[in-house]
Amino acid sequence: MKKIITQIEKFQYFYPYSVAIVGAQSQSAVNYMACAWHTALSFSPPLFGVLIAKKRYTHQVISDAKNFTVNFISADRVKLSAQMGRKSGLDMDKVKEFQVRLSPSKIIKSPVLEEAYVAFECKLTDIRATGDHDLFVGAVLAIHEEEKCFNADGVLDTGKIRPLLYLGSDFYITIDPDTLKHVLP
Ligand SMILES: Cc1cc2nc3c(=O)[nH]c(=O)nc-3n(C[C@H](O)[C@H](O)[C@H](O)COP(=O)(O)O)c2cc1C
């Protein structure tokens, strides 16, 4: 028998999700936050969505910048996720404080993170309200990838990169490459 919960308080049963560091550079600020709620939205055109609570400083910075970057990090960069995800740019300059290394983007103004094994440059095309979070829709204009970490089909080489996964409540894990299977019907 499964337990059924109807008084839903801590709603995080869907994890593990991969962690992205999402942010932007506006006229007045540069700020990033940890983001586990993200998803591809369309292949053609390539659209990527990130869900950001209205109270986050990043919400304000991306709204002003009208572009953002999505930066995926490996499990050995877990500390960066905690720093970007448990401190707010409303209280400190996180980039300066935590010495986040940035690289210029090719098309947009907002920089990507040097630490990312893959990063998307996105132009903000829409903001949709979804409860206490807003869905920021980005048109993916450029992708920066660590050399040779994806194969020709765009599949991650798990021998080279272990992506950072989030379990909720400040717990993290990664994948086990020994479980890799290529399965066809
Ligand atoms: C691993 C992790 C994932 C997170 N995912 C999200 C998310 O998807 N959306 C969101 O609004 N906040 C998320 N947060 C919380 C923000 O990252 C956090 O509140 C951060 O301090 C906001 O920074 P800011 O105020 O500078 O934007 C996450 C936090 C952690 C640690």
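One can find the structure itself at the top, above this paragraph.
These figures come from a predicted structure and were not determined experimentally. (Residues numbered from 1 in each chain as written. Predicted model: local features only at pLDDT ≥ 70, side-chain atom pairs only at ≥ 80, totals over all residues.)

Side note on unusual backbone geometry
1) Next: A cis amide bond links Tyr15 with the next residue in sequence, Pro16, at an omega value of 15 degrees.
2) Next: With respect to the helices and strands, Pro16 occurs in the segment before β1 (17–18).
3) Next: Of note, the amide linkage connecting Ser44 to Pro45 takes the cis form, showing an omega dihedral of 5 degrees.
4) Next: Tracing the backbone through its elements, the reader meets Pro45 in the loop between β4 (38–42) and β5 (47–53).
5) Next: The phi dihedral of Lys148 falls on the positive side, at around 65 degrees, and the residue is not glycine.
6) Next: The phi dihedral of Ser169 falls on the positive side, at around 50 degrees, and the residue is not glycine.
7) Next: Relative to the helices and strands, Ser169 resides in the loop between β11 (165–168) and β12 (171–173). (Helix = DSSP H or I, 4+ residues; strand = E, 2+ residues; numbered from the N terminus.)

Re the pairing of strand β2 (residues 20–25)
In the case of a regular strand, side chains alternate between the two sheet surfaces.
1) Next: Within β2, six of the six residues are buried, leaving the element largely enclosed by the surrounding structure.
2) Next: Burial of β2 is two-sided: the residues Ala20, Val22 and Ala24 facing one way and the residues Ile21, Gly23 and Gln25 facing the other way are all buried.
3) Next: In this structure, β2 lies alongside strand β3 (residues 30–35), joined through six bridges in antiparallel fashion. Bridge pairing in β3 links Ile21 to Ala34.
4) Next: Between β2 and β3, which pair antiparallel in sequence order, lie four residues.
5) Next: Examined bridge by bridge, β2 and strand β6 (residues 67–72) share four bridges and lie antiparallel to one another. Residue pairing across strands places Gly23 opposite Thr69, the latter belonging to β6. (Buried ≥ 20, exposed ≤ 12 C-beta atoms within 10 Å, placed from the backbone. Pairing = 2+ DSSP bridges.)

Focus on helix α1 (residues 57–65)
1) Next: Turning to α1, its buried residues are Thr58, Val61, Ile62 and Ala65. For α1, the angular spread of buried residues about the axis comes to 95 degrees, placing them on one side.
2) Next: Residues of α1 that are buried sit in contact with β2, β3, β5, β6, β9 (118–130) and β10 (133–145).
3) Next: Positive phi shows up at Lys66, right after α1, with a value of about 65 degrees. (Arc of directions from axis to C-beta. Contact = placed C-beta atoms within 7 Å.)

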